[in-house]
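# Summary of the model geometry
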Amino acid sequence: NIAKNNKYKTGIFPVALGDDISYAQLEMTATQNYGYVTYINQNDNLKDKINTLYNKLSRPILKDIKMEYGNITLTDKMPPTIPSYYAGAYFFQGR
């Protein structure tokens, strides 16, 4: 179990090439380990995708993010672990 052994809270950022991949497993691994997945299919420009990934990862903004909700009782939140925040990424979405 990667998340259990990730005692330093290191971000894991899987890169998926092609269409024959396990989306659920990649998303779960990344989400539980402070990262996100980059998907690259045959129609994408590989160089552009890798450059975009590098540019985000080379500019970390926040790590080990914790949210406080006051007196509200939460029964569920997604993702369960808030990933680190990198330049150019969305920080908070909700409704």
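Structure first, text after, so check above.
From a predicted model like this one, the values you see are computed outputs, not experimental measurements.

One non-glycine residue, K9, lies in positive phi territory at about 55°. Relative to the assigned elements, K9 resides in the loop between α1 (2-5) and β1 (15-17). Of note, Y34 is a non-glycine position whose phi angle comes to about 60°, a positive value. Secondary-structure assignment places Y34 in the loop between α2 (23-32) and β2 (38-40).

Now for the packing of aromatic side chains. Tallying each qualifying case throughout the model produces four aromatic pairs. Between F13 and Y36, the ring centres sit 5.1 Å apart and the planes meet at 75°, which makes this aromatic pair edge-to-face. Taken together, the residues span a long stretch of sequence, with F13 in the loop between α1 and β1 and Y36 in the loop between α2 and β2 at a distance of 23 residues. When its relative accessible area of 19% is taken as the criterion, F13 is described as buried. Between the aromatic rings of Y36 and Y86, the centroid separation amounts to 6.5 Å while the plane-to-plane angle is 70°, which identifies the pairing as edge-to-face. Placement of the pair is Y36 in the loop between α2 and β2 and Y86 in strand β4 (residues 85-86), with a sequence separation of 50 residues. Aromatic ring contacts, followed pair by pair, group F13, Y36 and Y86 into a single cluster.

How each quantity is defined
Residues numbered from 1 in each chain as written. Predicted model: local features only at pLDDT ≥ 70, side-chain atom pairs only at ≥ 80, totals over all residues. Heavy atoms only, no water. Helix = DSSP H or I, 4+ residues; strand = E, 2+ residues; numbered from the N terminus. Phe/Tyr/Trp six-rings, centres within 6.5 Å; stacked < 30°, edge-to-face > 60°. Buried < 20%, exposed > 50% of the residue type's maximum accessible area, 1.4 Å probe, protein only.

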